[in-house]
Amino acid sequence: MGSRWGPLWRLPPLIPSTVMAILLVVADVGSDVAVKFLKVPPVFSASSSATFQFEVTEGRNGSSCHNCSINCKLDNYNSFACERKEVTYSGLLDGNHTFKICSSGSQGVRCASYNWTVDTVSPTAYISAASFTNALNVSVNISFSEPCTSGGGFKCSPSHCDLLVYGAGQVLPSTLRVLLPGLKFSFMVGISADVQFGRLVLAMDKVFCTDNAGNMFKQSSDSSFILHFDRRSVFMNLTSHIPERLLQLNGLLRTVQASNSARDLKIDLSFSEPVLNSSEEILDLLHASSGLLVPTNKSNLGNRRFGYLVQNISSMTVVTISCDTTYIITRQGTPVSPSDPITFLYDSMPTVSSLLSIVATVALAMTSMVATLLTLSSSSLLYSGAISGQKSYVVSDPSRNLLRILCHIQIFALCRWLVVTIPVEYYEFSRGIEWSIPYIHLPWEASSSNSFIENSTFTVGAYSEIWERSKLRTFKSPLTTNQILGVDPSVHGKPLMPGEYMSFLENQNFNPEAEFIMISRNSDRWKHFGRNMFWLAIFGGGLTLLHVAILCLLKLRRRDSEKQEEYGALVFPRFELFLVMLALPCICQASAALIKGKTSTAIVVGVVLLGISTSFLISLLLFLSIGITMAKLLQYKEVHQEGQEFHWYQEFIRVTLGPGKRGQWTWTDQHKSINQTKLGPLFEDLRGPPKYMLTQISSKGNQAKHEDQDRIIASEDETEDAEAPFIQKLFGILRIYYTLLESIKRASLGILVGAYSSNRPSRIPTLIILSITSFQLFFLVLKKPFIKKKVQFVEIISVAGEVGLFGACLALLEKDFSSANERRIGFFMLALFIITFTAQLVNEWYALYRQVIRLSPTRNSFSSGLKRALGGLLLVVLPTRLSTNLTNQLSSRNGEGDSGITVTPIGQVQRTSGTSERSWLRQLREAAKTSFSREDAGAPIDPSSSTYQRSVFWSGKRSRSSSVTSSSDSKSKGDGKLKLRRLYKDLEAIFSSK
């Protein structure tokens with residue numbers, strides 16, 4: 001019969017019975033009924049099954065009772081009839097059980113019971129001891145789960161022990177003690193003194209005893225134990241994240257640590273073996289001479305490393321941090337060897353420097369993002385056909401100067417690489433904008449994860465950026481070394497002590513030409529080169545891929561394949577040329593630094609990169625000389641107003657910032673005019689060798705304004721194209737080379753920074769770059785190369801600021817300033833950047849604002865232009881069906897405003913926005929008059945041709961328009977005038993019916 005009850009309790013072990021008999025027969029005295037057990041399980045049974053056989057007798061002769069009712073019961077479960085006089089149970093739980101039989105008859109109820117214990121679990125033992133130790137003898141405890149006395153029980157003698165030891169140790173039998181008979185024992189295990197560290201494996205023997213139920217001993221996971229022992233010394237290494245540098249001090253190399261960045265103020269305690277102390281407990285054992293230590297949240301590597309931050313330090317302090325190792329507890333109990341304290345110099349970073357670099361970076365990022373989105377929107381509108389007609393304001397704007405802003409920031413970033421003692425205010429600011437070079441740490445340049453090195457020594461070639469500004473210098477005192485610092489030659493290469501730091505800083509007799517020592521710079525040069533090239537490849541390659549992806553997206557969305565594709569400012573490789581111009585000084589700096597390393601590989605790589613940069617400059621020179629100066633590719637035309645009078649302040653502005661004439665670039669071969677957009681960054685904001693559009697304006701018409709300031713619009717008072725005078729032609733030829741001069745300056749600065757990046761200050765690079773920049777400023781003021789006067793004004797401010805910057809660097813080289821004066825110079829250099837950057841940024845944002853207005857249908861509403869710009873962005877992401885509907889809506893808006901006709905200087909007739917009926921009729925008459933005049937006069941020489949241009953250039957003469965003719969030609973033109981009158985009447989009739 002199966003078991004149907006819950007768990008039963010286990011009684012204490014008893015001696016098993018070996019005799020089957022009647023046990024505990026319960027009956028009334030004098031009764032003739034008796035219950036006799038014929039078969040029962042052992043008192044201690046190792047089986048979960050039990051079988052009972054019994055009989056019930058009556059009378060004195062013991063005859064079987066036939067009229068008796070027999071019931072059986074197990075433990076507290078319900079009783080049942082058991083007339084067969086045999087009961088079997090299975091699946092019994094371990095513990096004490098009671099079987100009871102009751103018989104009821106004429107003599108009454110008679111009962112008998114039997115008690116036994118089920119034990120199916122084999123005995124086992126548990127070993128406990130200290131997991132780690134440094135002692136020679138270790139106490140070990142063995143605890144049995146139950147008495148295991150049969151078969152001899154647990155025993156340990158010199159000849160044999162039931163505890164086995166594997167490793168450099170053995171059981172000491174003489175130390176055996178019985179803590180609890182049959183259950184718990186204790187003894188010592190000896191560890192060999194010849195082994196400093198290792199482990200012992202303690203394990204119980206197999207099948208050496210049984211329990212009362214006959215279960216054999218069985219090993220469990222706790223029947224073995226690993227004991228680690230280590231008698232070696234435990235080392236603690238107290239380190240910091242503060243940069244280290246070798247300093248030559250009185251002829252000896254010493255290690256110094258200094259920083260002005262709060263991010264470097266991190267302290268690490270590394271132990272050769274794990275300790276039992278918590279981070280908070282170790283914090284109580286640390287002592288800092290200045291500041292407050294705060295635990296970090298980084299991993300402690302199994303209680304081997306603890307990190308802390310140093311906070312609340314004053315502006316300039318020598319900080320010493322030490323640790324009391326007396327109360328640090330290692331897991332094996334070995335005392336921790338004390339570590340030398342660390343001492344470093346902290347000079348807090350000026351808040352204005354970091355704040356200015358952050359503000360400049362964020363402002364430029366926002367400006368670049370807005371400019372990019374506006375360019376993308378304009379190009380999308382142009383590509384989809386939502387914008388038609390004259391599109392120069394969509395493609396380029398001479399007022400835009402984003403490229404020059406980035407180039408200007410590069411100048412300020414590269415300046416810190418000049419070998420001068422730059423004030424810390426400017427040094428920290430330049431580090432914040434070094435992304436423009438780009439000089440950024442590589443992702444894999446992270447520090448090592450494990451700072452503990454036993455008997456470690458400082459690497460001689462270690463490099464630290466904080467010392468580049470040479471804020472600390474070596475000095476030679478008139479006294480001997482031992483008299484001032486107590487320095488012994490044996491301290492060669494060791495860190496400066498706290499007292500030495502203070503003596504070093506307070507000494508006023510140090511030589512300014514003393515230098516820091518860098519044993520090897522070749523690895524640093526390759527590191528700088530790797531940083532520049534890696535990030536140039538990442539930024540340049542990523543942006544180029546993004547550009548290509550946008551072009552492909554526009555290409556796939558084009559449904560009318562027959563229509564000419566107009567990508568606007570997104571045309572390839574306009575943006576790539578933008579990137580090349582930005583990368584020029586970076587490549588020059590890296591290549592010059594490699595060549596200076598004087599290794600064969602470095603020289604080859606450097607020469608190749610310099611050759612690429614030189615090829616770009618030569619190509620730029622050829623393009624400006626042949627393509628623009630000789631008018632092979634491009635022509636520049638200006639509106640020259642004769643007879644116009646100006647006030648004195650207007651004359652002053654014209655003299656300083658240029659005449660502000662409206663100019664326009666045109667490609668000589670109209671079929672290849674797309675090249676004008678592709679190469680636009682090289683010239684489109686500059687004035688070129690002019691071909692004037694002469695206009696006679698009376699004194700009363702000084703305030704007349706053209707409706708579109710970005711086009712040259714013909715009028716009744718305007719003549720044909722005319723060559724500029726010789727002197728103005730010469731000035732125009734020279735001013736187009738401003739782009740080349742700017743590129744040469746930036747490339748020269750990169751080469752000088754890379755070539756003169758040494759430890760000894762030199763005036764040569766600063767003098768060279770100062771001379772080039774000063775000449776650029778003179779050229780800028782004299783030639784006035786920019787089309788827009790406000791761009792000319794902003795560029796004068798920027799170049800003047802660069803002259804002041806390099807002048808300040810030269811002043812720092814020529815003279816030793818006090819700390820206060822050096823601080824003033826640092827703030828002066830920051831002020832130069834603020835003024836120049838603000839002027840450039842304001843001009844760029846105003847140009848973006850004007851470009852948004854030009855996108856509006858009426859060309860005078862910012863909100864309407866902004867809506868149209870957002871529509872252009874939606875055209876890029878919307879599905880084709882929705883984008884087509886949006887394009888139609890934007891095109892319809894465009895048609896409302898662009899309903900006029902514009903006559904360009906080359907005789908092209910175009911519709912222009914916002915032009916009145918009489919205005920475009922007047923312009924159309926002028927076009928017709930010009931056309932008939934040319935037919936009547938034959939084939940005159942085209943003043944826009946290159947042949948005519950060269951001839952007039954050397955003669956210094958200027959062609960006149962057909963309106964300035966001799967009286968002998970008036971008669972021959974009478975018939976032409978009659979034809980013109982009839983044409984005017986026809987045209988007025990046509991457009992009046994509109």
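Being a predicted model, the structure only gives us computed values, none of them experimental. (Residues numbered from 1 in each chain as written. Predicted model: local features only at pLDDT ≥ 70, side-chain atom pairs only at ≥ 80, totals over all residues. Heavy atoms only, no water.)

Caption draft 1: Molecular detail of the overall build of the protein chain. A count of helices and strands for the protein chain gives 22 helices and 34 strands. Taking all 994 residues of the protein chain together, 46% fall into the buried category. Sequence separation of at least 24 residues holds for 75% of the intrachain contacts in the protein chain that already meet a minimum separation of 6. Approximately 48,300 Å² of the protein chain is accessible, and the part contributed by carbon and sulfur atoms is 58%. (Helix = DSSP H or I, 4+ residues; strand = E, 2+ residues; numbered from the N terminus. Buried < 20%, exposed > 50% of the residue type's maximum accessible area, 1.4 Å probe, protein only. Contact = heavy atoms within 4.5 Å. Areas by Shrake-Rupley, 256 points an atom, 1.4 Å probe, with all protein chains shown as cover.)

Caption draft 2: Representation of the packing of helix H2 (residues 351-384) against helix H4 (residues 402-414) within the structure. Where H2 meets H4, the axes come as close as 11 Å, and the angle between the chain directions of the two elements is 155 degrees. The angle between the axes of H2 and H4 places the two elements in the roughly antiparallel class. Note on packing geometry: the crossing formed by H2 with H4 is left-handed. Within the contact between the two elements, H2 uses Leu364, Thr367, Ser368 and Ala371 and H4 uses Leu402, Ile405, Leu406 and Ile409. Residues belonging to the contact of H2 with H4 are distributed by class as follows: six nonpolar, two polar and no charged. (Axes fitted to C-alpha atoms, helices over the stretch in contact; angles between N-to-C directions. Parallel < 35°, antiparallel > 145°, perpendicular 65-115°, else oblique. Left-handed = near helix turned anticlockwise from the far one by under 90°. Nonpolar A, V, L, I, M, F, W, Y, C, P; charged D, E, K, R; others polar.)

Caption draft 3: Main features of a nonpolar patch on the surface. Taken together, the side chains of Ile358, Val362, Met366, Val370 and Trp845 define a hydrophobic patch exposed on the protein surface, amounting to about 440 Å² of accessible area. Tallying contributions element by element places H2 first for the nonpolar patch, with four residues. (Patch = residues over 30% accessible without salt bridge, like charges linked within 9 Å, V, L, I, M, F, W, Y side chains within 5 Å. Salt bridge = Lys/Arg side-chain N within 4 Å of Asp/Glu carboxyl O.)

Caption draft 4: Broad picture of the packing of H4 against helix H14 (residues 738-755). Across the interface, H4 lies against H14 with an axial gap of 11 Å and an inter-helix angle of 25 degrees. Here H4 is positioned roughly parallel relative to H14, judged by the angle of their axes. With respect to the hand of their crossing, H4 and H14 are arranged in left-handed fashion. Two secondary-structure elements touch here, H4 through Arg404, Cys407, Gln410, Ile411 and Leu414 and H14 through Tyr738, Thr739, Glu742, Lys745, Arg746, Leu749 and Val753. Per-class residue counts for the contact of H4 with H14 are six nonpolar, two polar and four charged.

Caption draft 5: Layout of the sheet that holds strand E22 (residues 266-271). Strand order in this open sheet of five strands is E24-E25-E22-E19-E27, and the pairing throughout is mixed. Since the sheet does not close on itself, it has two edges, and those belong to strand E24 (292-295) and strand E27 (336-337), each with one partner. Sheet analysis places E24 next to strand E25 (residues 305-311), joined by four bridges and oriented antiparallel. Along E25, the bridge assignment pairs Val294 with Leu309. (Pairing = 2+ DSSP bridges.)

Caption draft 6: Region of interest: the nonpolar core. One finds Tyr426 and Phe837 to be the most contacted residues of the largest nonpolar core, which totals 91 residues. Contacts of Phe837, omitting those with residues within four sequence positions, involve Ala360, Ala363, Leu364, Ile405 and Ile409. Core analysis: the next-biggest nonpolar cluster, separate from the first, contains 26 residues, Ile242, Phe271, Ile321 and Cys323 among them. (Core = buried A, V, L, I, M, F, W, Y, C linked by side-chain atoms within 4.5 Å.)

Caption draft 7: Representation of the pairing of strand E15 (residues 169-180) in the model. For E15 and strand E16 (residues 184-191), the ladder comprises seven bridges, and the chain directions are antiparallel. Across the sheet, the residue bridging to Leu172 is Met188, located in E16. Between E15 and E16, which pair antiparallel and follow one another directly, the connecting turn spans three residues, one of which, Gly182, has a positive phi of 75 degrees.

Caption draft 8: Expanded view of the state of the cysteines. Counted under the stated rule, the structure contains four disulfides. For Cys72, the disulfide goes to Cys82, at an S-S distance of 1.9 Å. As the torsion about the S-S bond is roughly 90 degrees, the Cys72-Cys82 disulfide counts as right-handed. Of the two residues, Cys72 is situated in strand E6 (residues 69-74) and Cys82 in the loop between strand E7 (80-81) and strand E8 (86-89); the sequence distance between them amounts to ten residues. For Cys82, a relative accessible area of 5% puts it in the buried group. Shown here is the disulfide that connects Cys102 with Cys111, its sulfur atoms set 2.2 Å apart. Across the disulfide from Cys102 to Cys111, rotation about the S-S bond amounts to roughly 110 degrees, and the bridge is consequently right-handed. Accessibility expressed as a relative area gives 21% for Cys102, which makes it partly exposed. Taking relative accessible area as the criterion, Cys111 reaches 18% and is therefore assigned buried. (Disulfide = S-S within 2.5 Å.)

Caption draft 9: Up close: the pattern of salt bridges. A full pass over the atoms with the stated rule returns 13 salt bridges. In this structure, Arg232 and Asp230 form a salt bridge, with 3.0 Å as the shortest nitrogen-oxygen distance. Exposure remark for Arg232: the relative accessible area of 36% places this residue in the partly exposed category. With a shortest N-O distance of 2.5 Å, Glu802 and Lys745 are connected by a salt bridge. Here the residue Glu802 occupies a position in helix H16 (residues 789-814), and Lys745 occupies one in helix H14, the gap between them amounting to 57 residues. For the pair formed by Glu802 and Lys745, the shared burial category is buried.

Caption draft 10: How the structure looks around the sheet that holds E15. As summarised here, the arrangement of the four strands in space is E11-E13-E16-E15, forming an open sheet in which the pairing is antiparallel. A single partner strand is all that each edge strand has here, and the edge strands are strand E11 (125-128) and E15. With strand direction ignored, the average angle separating the axes of adjacent strands in the sheet is 25 degrees. Where E11 lies against strand E13 (residues 137-144), four bridges are found, and the strand directions are antiparallel. From the neighbouring strand, Ala125 faces E13, where its bridge partner is Phe144.

Caption draft 11: Inspection of the UniProt feature "transmembrane region" (unreviewed entry) in the protein chain at higher detail. Using the residue numbers shown here, the UniProt feature "transmembrane region" (unreviewed entry) corresponds to residues 533-554, 575-595, 601-624, 764-782, 794-813 and 825-849. Spanning residues 794-813, this segment combines 100% helix with 0% strand, and its end C-alpha atoms are found 29 Å apart. Measuring from the first to the last C-alpha atom of residues 825-849 gives 36 Å, for a span that is 100% helix and 0% strand. (UniProt positions renumbered as here; feature names shortened; annotations may be inferred.)

Caption draft 12: Structural detail: helix H9 (residues 574-596). If you check H9, its first and last C-alpha atoms are 34 Å apart, about what 23 residues at 1.5 Å a residue would give, namely 33 Å. By the largest-angle criterion, Ala583 marks the main kink of H9, which is about 40 degrees, and a proline, Pro585, follows within four residues. Taking burial as the measure, the 23 residues of H9 include 18 buried ones, the bulk of the element. (Expected span 1.5 Å × (residues − 1). Bend = angle between axes of the 7 residues up to and from the residue.)

Caption draft 13: View of H14. Between its terminal C-alpha atoms H14 stretches 25 Å, which fits the 26 Å expected from 18 residues at 1.5 Å a residue. Of all 18 residues in H14, 15 are buried, a share of seventy percent or more.

Caption draft 14: Broad picture of the environment of Pro350. Summarising the element assignment, Pro350 is placed in the loop between strand E28 (342-347) and H2. A C-alpha to C-alpha distance of 9.0 Å links Pro350 and Ser315, two positions 35 residues apart in sequence. Not counting residues up to four positions away in its chain, the partners in contact with Pro350 are Val424, Glu425 and Glu428.

Caption draft 15: Structural context of the packing of aromatic side chains. Enumeration according to the criterion identifies 33 aromatic pairs in this entry. Seen from their ring centres, Phe208 and Phe217 are 4.6 Å apart, and the 40 degrees between their planes marks the pair as tilted. Judged by its relative accessible area of 7%, Phe208 falls in the buried class. Residue classification places Phe217 among the buried positions, given a relative accessible area of 4%. Seen from their ring centres, Phe833 and Phe837 are 5.2 Å apart, and the 10 degrees between their planes marks the pair as stacked. (Phe/Tyr/Trp six-rings, centres within 6.5 Å; stacked < 30°, edge-to-face > 60°.)

Caption draft 16: Expanded view of unusual backbone geometry. Of the consecutive residues Ile437 and Pro438, the connecting peptide bond is found in the cis state with omega at -5 degrees. Of note, the bond from Phe572 into Pro573 is cis; its omega dihedral lies within 30 degrees of zero at 5 degrees. Take Pro573: it is sitting in the loop between helix H8 (522-557) and H9. We note that Asn312 has phi near 60 degrees; this positive angle belongs to a residue other than glycine. Among the structural elements, Asn312 can be located in the loop between E25 and strand E26 (316-323). Since its relative accessible area comes to 64%, Asn312 is described here as exposed. Residues other than glycine seldom take positive phi values, yet Ala631 does so here, at roughly 55 degrees. Locating Ala631 in the fold gives a position in the loop between helix H10 (600-629) and strand E29 (634-642).

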